[in-house]
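The lines below spell out each chain.
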Amino acid sequence: MADCLGRNDVDDTVFWQQSLSPGGPELGRPKIAWPGDPADKTNKSMRGGMEPLAKALNSLATGLNLTVRNVATHTRDELTEKEGMERLAAYSYFARLLDQCQIRHVKEAEGT
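Residues numbered from 1 in each chain as written. Predicted model: local features only at pLDDT ≥ 70, side-chain atom pairs only at ≥ 80, totals over all residues. Heavy atoms only, no water.

Colleague: What is the right way to read the overall build of the protein from this model?
Modeller: When you go through the protein residue by residue, the secondary structure sums to 4 helices and 2 strands. In the protein, the succession of α and β elements from N to C terminus is α-α-β-α-α-β. For 112 residues, the compact-globule estimate of 2.2 N^0.38 gives 13 Å, and the protein exceeds it by more than 25% at 17 Å. When the backbone C-alpha atoms are referred to their principal axes, the protein occupies close to 60 × 35 × 15 Å. Looking at the protein as a whole, 22% of its 112 residues qualify as buried. Accessible surface computed for the protein: about 8,100 Å², of which carbon and sulfur atoms make up 53%. For the protein, the centre of its 14 positive side-chain charges and the centre of its 16 negative side-chain charges are spaced 5 Å apart. (Helix = DSSP H or I, 4+ residues; strand = E, 2+ residues; numbered from the N terminus. Rg over C-alpha atoms; globule rule 2.2 N^0.38 Å. Buried < 20%, exposed > 50% of the residue type's maximum accessible area, 1.4 Å probe, protein only. Areas by Shrake-Rupley, 256 points an atom, 1.4 Å probe, with all protein chains shown as cover. Lys, Arg positive; Asp, Glu negative; His and termini not counted. Charge placed at Lys NZ, Arg CZ, Asp CG, Glu CD.)

Written out as structure tokens, the structure is:
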């Protein structure tokens, strides 16, 4: 996602905080936003939920990296198919939500 927004200037946590925070985009800091009418109740819920969901999944990603990836590389134990699918489910849901979002950029004034 950082590549889609052209953001290689910040680490993961800051990237998600800035990209999913409320408010409009800033120059060099595009925002990820749920599409649709901002007055619609469903769209308000989706927009309100994206930032805390991203924060939670960032923590989950750190935890999974330590408890799944690191452990898997340090032992010969294999995950069952069910265990593997359980670990992928949260990422899959979040990725699906992000695929439905729009990227909003600041429009620079002409001639600057």
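Structure shown, so let's carry the discussion forward.
Colleague: I keep staring at helix H4 (residues 81-100) and nothing clicks. Help me out?
Modeller: An α-helix turns once every 3.6 residues. As a result, residues three or four positions apart point the same way. Along its 20 residues, H4 runs 28 Å from first to last C-alpha, staying within 8% of the 28 Å computed at 1.5 Å per residue. The sharpest bend along H4 comes to roughly 35°, located at Leu88. Within the span of H4, buried status applies to Phe94, Leu97 and Leu98. (Expected span 1.5 Å × (residues − 1). Bend = angle between axes of the 7 residues up to and from the residue.)

Colleague: Just to check I follow, could you spell out the pattern of salt bridges for this structure?
Modeller: Side-chain pairing between opposite charges can occur once the charged atoms of the two side chains come close. On inspection of all chains with the given rule, the structure shows 3 salt bridges. Between Arg7 and Asp9 there is a salt bridge, with its nearest N and O atoms 2.8 Å apart. Of the charged contacts, one joins Glu26 and Arg29 as a salt bridge, the two residues approaching to 3.6 Å between their closest N and O atoms. The partly exposed category is assigned to Arg29, whose relative accessible area is 36%. (Salt bridge = Lys/Arg side-chain N within 4 Å of Asp/Glu carboxyl O.)

Colleague: What is the right way to read the nonpolar core from this model?
Modeller: General note: in soluble globular proteins, nonpolar side chains tend to be found buried as a group. The biggest cluster of nonpolar side chains holds 13 residues, and the ones touching the most others in it are Trp16, Leu20, Ile32, Met50, Phe94 and Leu98. Every element with two or more residues in this core is listed here: helix H2 (12-20), helix H3 (41-74) and H4. Ignoring any residue separated from it by four or fewer positions in sequence, one finds Trp16 in contact with Met1, Ser21, Ile32, Ala54, Asn58, Phe94 and Leu98. (Core = buried A, V, L, I, M, F, W, Y, C linked by side-chain atoms within 4.5 Å. Contact = heavy atoms within 4.5 Å.)

Colleague: Looking at this model, I keep getting lost on the environment of Ala33. Mind explaining?
Modeller: Mapped onto the secondary structure, Ala33 falls in strand S1 (residues 31-33). Among the residues examined, Ala33 registers a relative accessible area of 12% and is labelled buried. With residues near it in sequence (within four places) discarded, Ala33 still touches Cys101, Gln102 and Arg104.

Colleague: How do you make sense of the packing of aromatic side chains when you look at a structure like this?
Modeller: Given two aromatic rings, one states the distance between the centres and the angle between the planes to describe the pair. Inspection of the entire model under this criterion finds 2 aromatic pairs. Centre to centre, the rings of Phe15 and Trp16 are 4.9 Å apart; their planes meet at 70°, and the pair counts as edge-to-face. An aromatic cluster is present here, built from Phe15, Trp16 and Phe94 joined pairwise through their rings. (Phe/Tyr/Trp six-rings, centres within 6.5 Å; stacked < 30°, edge-to-face > 60°.)

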